[in-house]
Amino acid sequence: MFSEEAGPMQRRLRTAMAEEGSGCPVPRLPWASVQRVALQLFILAGVATAVIYCFLCAQRLAQQRQLESPGWDMAELQLNHTGPRQDCRLHWLGGPALGRSFLHGPELDNGQLRVQRSGIYRLHIQVTLANCSSSLGAPTAPRATLMVGICSPAAHSISLLRLNFHEGCVVTSQRLTPLAQGDTLCTNLTLPLLPSPNADETFFGVQWVHP
């Protein structure tokens with residue numbers, strides 16, 4: 001009976017001596033704490049991954065919208081030459097069938113350019129008079145002018161460009177201007193001047209550059 005009681009006591013004594021003999025007690029974290037830390041790290045890693053993924057998706061979507069956005073509206077037009085002029089307005093044509101002419105966004109309304117998106121646009125225009133020699137001067141008075149402006153709607157009516165030929169044969173210019181959706185641009189040339197129908201000499205265009 002003594003031996004049976006001494007057995008457990010001896011084992012406890014050996015265990016205590018082993019722990020004292022090591023000289024370097026090993027700290028033991030509770031298992032629940034280890035699980036809690038691991039869970040927090042896992043959640044943080046998942047959140048970081050989700051944020052990076054959403055950021056990359058947003059960038060890709062923004063680039064796609066930028067390429068497909070109708071905001072990059074632009075047009076390059078050629079003169080619609082129909083013979084003797086009946087009014088001071090010039091009429092334009094646009095489309096790939098004409099070669100270097102195109103319409104991406106804006107539309108033509110009875111030969112006048114109408115924008116479909118509000119923003120700041122760069123306008124450019126060149127008009128060369130037909131049957132005109134710069135050495136002889138323009139066949140009209142020096143008051144001959146080319147005007148570009150918003151003609152519709154009436155509430156937005158305003159002159160954007162006013163170019164004087166100064167007894168020359170060509171006028172050309174460009175400018176930045178804000179335009180609203182539905183604004184129609186008209187180009188007026190003093191009668192009875194005839195513009196050259198050559199697409200290299202007479203052209204008109206716009207390009208959207210900023211919201």
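Residues numbered from 1 in each chain as written. Predicted model: local features only at pLDDT ≥ 70, side-chain atom pairs only at ≥ 80, totals over all residues. Heavy atoms only, no water.

Take the UniProt feature "transmembrane region" (unreviewed entry) in the protein next. Following the UniProt record, the feature "transmembrane region" (unreviewed entry) maps to residues 37-58 here. Segment residues 37-58 splits into 100% helix and 0% strand. End C-alpha atoms: 32 Å apart. (UniProt positions renumbered as here; feature names shortened; annotations may be inferred. Helix = DSSP H or I, 4+ residues; strand = E, 2+ residues; numbered from the N terminus.)

Summarising burial for strand β10 (residues 184-189): 5 of the 6 residues are buried, a large majority. In this structure, strand β5 (residues 112-114) lies alongside β10, joined through 2 bridges in antiparallel fashion. Paired with L113 across the two strands is L185, which belongs to β10. Both strand β7 (residues 145-152) and β10 contribute to a ladder of 6 bridges, which runs antiparallel. Each bridged residue has a counterpart across the sheet, and for G149 the counterpart in β10 is C186. (Buried < 20%, exposed > 50% of the residue type's maximum accessible area, 1.4 Å probe, protein only. Pairing = 2+ DSSP bridges.)

Inspection of the secondary structure assignment puts T145 in strand β7. Note on T145: relative accessible area 9%, which makes it buried.

Within the structure shown, the criterion is met by 3 salt bridges. Put simply, R100 and D200 hold a salt bridge, and the shortest N to O gap is 2.4 Å. Highlighted residues: R100 in the loop between β2 (92-93) and β3 (102-104) and D200 in the loop between β10 and β11 (203-210), separated in sequence by 100 residues. A salt bridge links R114 to D109, with the shortest nitrogen-to-oxygen separation between them at 3.2 Å. (Salt bridge = Lys/Arg side-chain N within 4 Å of Asp/Glu carboxyl O.)

Time to look at a nonpolar patch on the surface. Taken together, the side chains of L39, F42, I43, V47 and V51 make up a nonpolar region of the molecular surface, amounting to roughly 510 Å² of accessible area. Inspection of the secondary structure puts L39 in helix α2 (residues 31-68). (Patch = residues over 30% accessible without salt bridge, like charges linked within 9 Å, V, L, I, M, F, W, Y side chains within 5 Å. Areas by Shrake-Rupley, 256 points an atom, 1.4 Å probe, with all protein chains shown as cover.)

Moving on to the sheet that holds strand β8 (residues 158-164). The strands that make up a sheet are held in pairs by hydrogen bonds between backbone atoms, and each pair lies either parallel or antiparallel. Spatial ordering of the open sheet is given by β4-β5-β10-β7-β8, a layout of 5 strands whose pairing is antiparallel. Looking at strand neighbours, the two that pair on one side only are β4 (107-109) and β8, the edges of this open sheet. In this sheet, adjacent strand axes meet at a mean angle of 25 degrees when their direction is disregarded. (Axes fitted to C-alpha atoms, helices over the stretch in contact; angles between N-to-C directions.)

Core analysis: the biggest nonpolar cluster contains 28 residues, and I125, L146, F165 and L185 have the highest contact counts within it. In terms of residue count, the dominant contributor to this core is strand β6 (residues 119-128) (4 residues). With residues up to four places along the chain from it excluded, the contact list for L185 reads Q112, L113, L123, G149, I150, C151, L160, L179, F204 and V206. (Core = buried A, V, L, I, M, F, W, Y, C linked by side-chain atoms within 4.5 Å. Contact = heavy atoms within 4.5 Å.)

This part covers unusual backbone geometry. A cis amide bond links S152 to the next residue, P153, at an omega of 0 degrees. Tracing the backbone through its elements, the reader meets P153 in the loop between β7 and β8. Residues L191 and P192 are joined by a peptide bond in cis, for which omega reads 5 degrees. If you trace the backbone, P192 turns up in the loop between β10 and β11.

Quick look at the side chain of T187 now. Tracing the sequence through the fold places T187 in strand β10. Within the local environment of T187, its side chain forms a polar contact with the side chain of W92, the two groups lying 2.9 Å apart. Among residues more than four places away in sequence, those in contact with T187 are C88, R89, L90, W92, Q112, I125, M147, V148 and F204. (Polar contact = N/O pair within 3.5 Å; in protein donor to acceptor, adjacent residues only side chain to side chain.)

Take the state of the cysteines next. Tallied over the entire structure, the rule returns 2 disulfides. Across the disulfide, C132 is cross-linked to C169 (sulfur-sulfur distance 1.9 Å). Given an S-S torsion of about -75 degrees, the disulfide between C132 and C169 has left-handed geometry. Placement of the pair is C132 in the loop between β6 and β7 and C169 in the loop between β8 and β9 (170-179), with a sequence separation of 37 residues. In this structure C169 comes out as buried when scored by relative accessible area, which is 8%. At a sulfur-sulfur separation of 1.9 Å, the disulfide partner of C151 is C186. In this structure, the disulfide formed by C151 and C186 twists by about 45 degrees around the S-S bond and is classed as right-handed. Of the two residues, C151 sits in strand β7 while C186 sits in strand β10, which places them 35 residues apart along the sequence. Once the disulfide-bonded cysteines of the protein are ranked by sequence position, their pairing pattern turns out to be 1-3, 2-4. (Disulfide = S-S within 2.5 Å.)

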